[in-house]
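Breakdown of the fold
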Amino acid sequence: MSSSSSPVQLELKAPPYPLDALEPYMSQKTLEFHWGKHHRGYVDNLNKQIVGTDLHGLTLEEIIVKSYNNGNPLPTFNNAAQAWFSIWNHDFFWSSMKPGGGGRPSGLVLELIEREFGSVEALLNEFKQAALTQFGSGWAWLGYKDGKIVVEKTANAVNPLVADYHPLLTVDVWEHAYYLDYQNRRPDFVSTFIENLLSWDAVSERLEEAIAKAA
Amino acid sequence: MAFCALVSKKALGSALRSGAADLGSGLCQIRRLQTFSLPDLSYDYGALEPAISGEIMKIHHQKHHQAYITNYNKALEQLDEAIQKGDTSKVVGLQSAIKFNGGGHINHSIFWKNLAPTNEGGGEPPKGALGWAIDADFGSFEALVQKMSSEGAALQGSGWVWLALDKELKKVRIETTANQDPLVTKGLHLVPLLGIDVWEHAYYLQYKNVRPDYLKNIWKVINWKHASDAFDGEAA
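These notes cover the structure that comes with them. Only a predicted model underlies this, so the values are computations on that prediction, with no experimental measurement involved.

**Some thoughts on the pattern of salt bridges**
Residues and elements named next belong to chain B. Summed over the entire model, instances satisfying the criterion amount to 15 salt bridges over all chains. Notably, a salt bridge pairs Lys-147 with Glu-151, separated by 3.2 Å at the nearest N-O pair. With Lys-147 and Glu-151 both in helix H7 (residues 141-154) and four residues apart, the pair spans about one turn of that helix. Residue class for Lys-147 comes out partly exposed when judged on its relative accessible area of 39%. Glu-234 is the partner of Lys-167 in a salt bridge, and the nearest nitrogen-oxygen pair spans 3.7 Å. With Lys-167 in the loop between strand S1 (159-166) and strand S2 (171-178) and Glu-234 in helix H10 (residues 224-235), this pair connects stretches of sequence that are 67 residues apart. Lys-167 gets classed as partly exposed once you look at its relative accessible area, which sits at 37%.

**Re the interface of chain A and chain B**
Taken together, the contact between chain A and chain B spans 17 residues of the former and 17 residues of the latter. Summed over the three residues of chain A that lose the most area to chain B, namely Phe-135, Glu-175 and Tyr-179 of chain A, the buried surface amounts to 37% of that side. Run the count over chain A and chain B and you get zero salt bridges. One can count six residue pairs in polar contact (both at pLDDT 80 or more) joining chain A with chain B. Looking at the side of chain A that touches chain B, the elements with two or more residues in it are helix H1 (28-50), helix H3 (75-94) and helix H6 (179-182) of chain A. Here the element with the most residues in the side of chain A that touches chain B is H1 of chain A; it accounts for four residues. In the side of chain A that touches chain B, the residues fall into five nonpolar, nine polar and three charged.

**Thoughts on the pairing of strand S2 (residues 148-155) of chain A**
Residue and element names in this part refer to chain A. As judged from the eight bridges shared by strand S1 (residues 138-145) and S2, these two strands associate in the antiparallel manner. Within the sheet, the bridge partner assigned to Trp-141 lies in S2 and is Glu-152. Turn length for the S1-S2 hairpin, with the two strands adjacent in sequence and antiparallel, is two residues, and the turn residue Asp-146 shows positive phi of about 50°.

Criteria and cut-off values
- Residues numbered from 1 in each chain as written.
- Chains lettered and ligands numbered in written order.
- Predicted model: local features only at pLDDT ≥ 70, side-chain atom pairs only at ≥ 80, totals over all residues.
- Heavy atoms only, no water.
- Salt bridge = Lys/Arg side-chain N within 4 Å of Asp/Glu carboxyl O.
- Helix = DSSP H or I, 4+ residues; strand = E, 2+ residues; numbered from the N terminus.
- Buried < 20%, exposed > 50% of the residue type's maximum accessible area, 1.4 Å probe, protein only.
- Contact = heavy atoms within 4.5 Å.
- Buried area = accessible area lost by both parts, 1.4 Å probe.
- Polar contact = N/O pair within 3.5 Å; in protein donor to acceptor, adjacent residues only side chain to side chain.
- Nonpolar A, V, L, I, M, F, W, Y, C, P; charged D, E, K, R; others polar.
- Pairing = 2+ DSSP bridges.

Structure, rendered in structure tokens:
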């Protein structure tokens, strides 16, 4: 899930589908701005900031973890933190969606959801509530923690790499994520995300990785 | 509950003064809960163009501000009920919704007054006492504009950038608040003279990701007369 590859500069990774592939639920125009301007802007900014520092050449995860420094952030952390977290979050967001998304989970994901929440509907309801009660900018997450599926929300660019759960899914609820298509109607955007965009395949894949890591 | 809502404070007051029957029978606490409504703008939605589009003004006012008010009223009702039941957990649990939605109502009510069409004085720099205070505390009007724009652009996530009067120090300065936190959350001695909304909904349809362009253009429709009046009112 690393978004960097070159040892010299971080690269802007493209979503795993063409920019018009999520229409009509998320417009090409939104992707062009959200990925092409916002996400690209974070990558460009970060590259400018790390040139000549000892963060240059690390992967994105290494930069985040090294600078966060276990809760004692290094001086460089605050300046670029938003950029770093944002890049990771956006990579994760694009692959949390897929054309023809939605539907229902299966296998282990379904089992864990039903065990913890009783039903998929109950879990999705809680996820939606998290997305709607994240006042201001932020993200709602499905995560894996202590053998369970959890729902979390974070503000601005805060990112689970420094938290205590493995992220499985995210939805961006910064206004720029939905404003061109839904304006103020965040509830409609989140419902549509759940019903038409959410990639349960990605959730399954990430759950396997998380379980393997936790073992 | 409906009975409580109907009894006005005035009627209660006079009843008690005239020694009327004991209304404190424990049936309910007489309280009149004020509900809030959307204030009108004193200009048309399109009157601030091209600085801010009519489309943005309409959605911002009719959807966003209205939603804060609707949710604030709802939270207050729930708070009232929780207080009456003595449900402390619920009372405390409601604080974030009250701060967010109440703050949103406060902030946007100020914001509409901070804007004016250019043919009604929008963009005209302040003269008089506020003008001098800005020169004294920032060096020049241009310096203030530049600093406020850059602080607004640098604000991470959602929030507001303010020109504030510090009543204690009798100085003007720039503050930022996150989300819908009103200026008082930075200090009870701070009076908002001018607030600029830097939530994405304030500019996205027109300026997209380029918040600095929004901040460059909004100065053309800033109502400095209102800010001056607020300053004169407090600094006297």
